[in-house]
Amino acid sequence: MIKNLKKHNINYFPSPNEDNKDLLIILNKTSEILCKWFSDTNQLSPLPLKKVFNVSYPQDNGCDLNSLYDEIHNLIYSSFNPSHPGSLAHLDPPPLSISIIGDLIAAGLNNNLLAEELSPSISILETEICKWFAKRIGFTDASGGIAASGGTLNNLNALVTARYNSGLINDPNAVLILSEDAHVSFKKCARILGINEKNIYFVETNINGSMNFSSFDKLLHQLSKSEKKIFAVVATFGTTNFGALDPINEIENRCKNENIWLHIDASIGGVFLIPNNRNKFLKNLNISNVNSITINPQKILGIAKTSSLLIVSNIDNLKKTFQTGLPYLDSSDDVVNLGELGVQGSRPAEIIKLWLGLKYLGINGIEKILDETLSKKSIFLDKLDKSKFEIFTGPLHIISFLPKNMPPKESDEWTLSTKKVLLENDYMISRPLYKGKYYLRIVFGNFNTTESHITELTNLLNNIK
Ligand SMILES: *Cc1c(COP(=O)(O)O)cnc(C)c1O
């Protein structure tokens, strides 16, 4: 038995010698503030009206809990509000309720996914949920995966693995191929990997953002006649601006024949692979020859940030790439420490909220969310005045658009002023810069947006000067 060395009169930590009522009070009180914020959503706007948040700094003697509640209240009410029905700007949906609980449990357990002995149950949970995902999307028994704090890190995990396994790790001629609509995170990844900019090849995309396969094919022919060697091809399954899908099957066959690592960035689209009844645009998709795939359930199911998985067709590739041994841990040989499967070391148990979310929704619940998301997009398209707007979109739930027949400078000003007018009316949409021009963009991933909101939004747009 461990003796109680010193009794604090303030409970800084959950205590084995108490009933932990103080902690329960904090949890209850904070939950109340948070739930009140959710209930107040319609009286608030997507962005706080008061733009400045005054930080109160730590003091020598700490503070009492009651003053902390005030600070928590201020912080919450000064935040971006993804639950507002007009929050349609980004891939940041409202949080799925059960995923909030997942983060609470993860914080309470404070386990560490670095090592099996620091997270015995959760390491198993993560490994198994990754396998479940892998099988669901069409990989074999050799597959597996890892969670990381966001899609950028998982794209990095994938590219590090691709380069390591290509044997081109020190080759200055190692080339990365992706489309010009691929996510900016790959530029960061390439810098981290030390890939020279001239060894990154951007394949052109069609008007709706999908990689042009014949240009890709031509590029491979060209490169095969040069001294360059390709260590990875990235295809995007759901582009950030248009929700476009690259022609995966064709790219996949080509990569398989050339023995090139194919990574799919399905940060946005990956979740669409889960349902039993896949959407018709996915009917012929077969990803069994893909090497790795990033999926971000944070972007569409509302799993609280961050929630991202890297699924690989052969888990041994991650092991080979990241295994260093963990000298301060004495684990037996058959134990896989998840800190040796990716770039992150200490890592929170983010898998809990994903697991709870998937369990709670079930396959049918997931399918329902995805269907509703796509039907909101079609309602919007039905109601938008097509004589006024040019629309750019792939099969997923993201639309970009421009006013028709407007000179570029005027169009850029129009998008800026329209975005502002919409925000004044509580609709927050985004204004991405794409190929030198500003577009307006809407993401239909908000579960609180109803048909009447979409009607109001399209009325505003159709009548805006
Ligand atoms: C958001 C996104 C990423 C990056 O994910 P983070 O979680 O923001 O790091 C990568 N690719 C695509 C297509 C994305 O939309």
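Source: prediction; values computed, not measured.

Asks: I keep staring at the overall build of the chain and nothing clicks. Help me out?
Replies: Check the secondary structure of the chain and you find 12 helices and 12 strands. Taking the principal axes of the C-alpha coordinates as reference, the chain spans close to 75 × 65 × 45 Å. Classification of the 465 residues of the chain by burial places 49% in the buried group. Restricting the contact set of the chain to residue pairs at least 6 apart, pairs at least 24 apart contribute 74%. If you sum the accessible surface of the chain, you get close to 23,500 Å²; carbon and sulfur atoms cover 53% of it. Averaging the coordinates of the 47 positive side-chain charges in the chain and doing the same for the 47 negative ones gives two points 5 Å apart.

Asks: Would you mind going over the site of the ligand with me for this structure?
Replies: Around the ligand lies a shell of 14 residues, among which G151, T152, D265, Q298 and K299 are the nearest. Side-chain polar atom of Q298 to an oxygen atom of the ligand: 2.9 Å apart, as the coordinates give it. At 2.7 Å, a side-chain N or O of K299 approaches an oxygen atom of the ligand. Contact with the protein chains hides 85% of the accessible area of the ligand, taken as 380 Å² for the molecule alone. With 3 residues, helix α5 (residues 151-166) is the largest single contributor of residues to the shell around the ligand.

Asks: What exactly am I supposed to notice about the layout of surface pockets here?
Replies: Unoccupied space between atoms shows up once a probe the size of one water molecule is rolled over them. In this structure, the largest pocket occupies an estimated 560 Å³ of space. Along the walls of the largest pocket sit 20 residues, with N11, Y12, F13, I26 and L65 positioned nearest its centre. Every element with two or more residues in the lining of the largest pocket is listed here: α1 (21-39), α2 (65-77) and α3 (97-109). Of all the elements, α1 adds the most residues to the lining of the largest pocket, at 4 residues. Residue composition of the lining of the largest pocket, grouped by class: 12 nonpolar, 6 polar and 2 charged.

Asks: Before we go on, may I ask you to explain the pairing of strand β7 (residues 308-312) in this structure?
Replies: Of all 5 residues making up β7, 5 are buried, and the element is well covered by its neighbours. Two strands pair when backbone bridges link them, and strand β1 (residues 144-148) and β7 are joined in this way by 5 bridges, in the antiparallel orientation. Bridged to G144 within β7 is V312. Alignment of strand β6 (residues 292-295) against β7, held across 4 bridges, turns out to be antiparallel. The partner of I293 across the bridge, within β7, is I311.

Asks: Help me out: how do you make sense of helix α11 (residues 408-424) in this one?
Replies: Every α-helix carries 3.6 residues per turn, so stepping three or four residues along brings you back to the same face. The end-to-end C-alpha distance of α11 is 25 Å, a good match for the 24 Å that 17 residues give at a rise of 1.5 Å each. Regarding α11, the residues found buried are S411, D412, W414, T415, T418 and L422. Buried residues of α11, viewed axially, fall in a sector of 160°; they line one side. Of the residues in α11, the exposed ones pointing more than 90 degrees away from the buried face are K409, K420 and E424. Where α11 is buried, its residues meet β8 (389-392), β9 (398-403), β11 (437-438), β12 (440-443) and α12 (451-463).

Asks: Even after reading the chapter, I still don't get the side chain of N157, so can you show me in this structure?
Replies: With respect to the element layout, N157 can be found in helix α5. On the basis of relative accessibility, which here comes to 2%, the residue N157 falls in the buried class. Setting aside anything within four residues of it in sequence, one finds N157 in contact with I146, A148, L310, F322, G342 and V343.

Asks: It is not clear to me how the packing of aromatic side chains should be interpreted in this structure. Could you clarify?
Replies: Pairs of aromatic rings are described using the distance from one ring centre to the other and the angle between the two planes. Applying the stated criterion to the full structure yields 13 aromatic pairs. With 6.0 Å between their ring centres and 55° between their planes, F242 and Y439 make a pair best called tilted. Of this pair, F242 sits in the loop between β4 (229-236) and α8 (248-258) while Y439 sits in the loop between β11 and β12, and the two are 197 residues apart along the sequence. Assigned by exposure class, F242 and Y439 land together as buried. Relative to F281, the ring of F272 lies with its centre 6.3 Å away and its plane at 55°, an arrangement referred to as tilted.

Asks: Looking at this structure, how should I read the pairing of β1?
Replies: The side chains of a regular strand alternate, residue by residue, between the two faces of the sheet. The element β1 is extensively covered by neighbouring structure, given that 5 of its 5 residues are classed as buried. Along β1, one buried face is formed by G144, I146 and A148 and the opposite face, lined by G145 and A147, is buried too.

Asks: For this particular structure, what's the right way to read the nonpolar core?
Replies: The nonpolar side chains of soluble globular proteins are, as a tendency, buried together. Counting residues in each nonpolar core, the largest one holds 92 residues, and the members touching the most others are I177, F231, I293 and I311. Here the element with the most residues in this core is helix α10 (residues 351-383); it accounts for 11 residues. Counting 17 residues, the second-largest nonpolar core is a separate cluster that includes F380, Y427, I429 and L457.

Asks: What is the right way to look at empty space enclosed by the protein in this model?
Replies: Tallied over the entire structure, the rule returns 3 cavities of 30 Å³ or more. Here the largest cavity is characterised by a volume of approximately 60 Å³. A breakdown of the residues in the lining of the largest cavity according to their chemical character gives 5 nonpolar, 4 polar and 1 charged.

About the cut-offs
- Residues numbered from 1 in each chain as written.
- Predicted model: local features only at pLDDT ≥ 70, side-chain atom pairs only at ≥ 80, totals over all residues.
- Heavy atoms only, no water.
- Helix = DSSP H or I, 4+ residues; strand = E, 2+ residues; numbered from the N terminus.
- Buried < 20%, exposed > 50% of the residue type's maximum accessible area, 1.4 Å probe, protein only.
- Contact = heavy atoms within 4.5 Å.
- Areas by Shrake-Rupley, 256 points an atom, 1.4 Å probe, with all protein chains shown as cover.
- Lys, Arg positive; Asp, Glu negative; His and termini not counted.
- Charge placed at Lys NZ, Arg CZ, Asp CG, Glu CD.
- Near = heavy atom within 4 Å.
- Polar contact = N/O pair within 3.5 Å; in protein donor to acceptor, adjacent residues only side chain to side chain.
- 1 Å grid on protein atoms, 1.4 Å probe; cavity = no way out; pocket = protein on both sides within 12 Å on 5 of 7 lines; lining within 4 Å.
- Points joined across faces, edges and corners; volume = space filled by probe spheres on them.
- Nonpolar A, V, L, I, M, F, W, Y, C, P; charged D, E, K, R; others polar.
- Pairing = 2+ DSSP bridges.
- Expected span 1.5 Å × (residues − 1).
- Arc of directions from axis to C-beta.
- Phe/Tyr/Trp six-rings, centres within 6.5 Å; stacked < 30°, edge-to-face > 60°.
- Core = buried A, V, L, I, M, F, W, Y, C linked by side-chain atoms within 4.5 Å.

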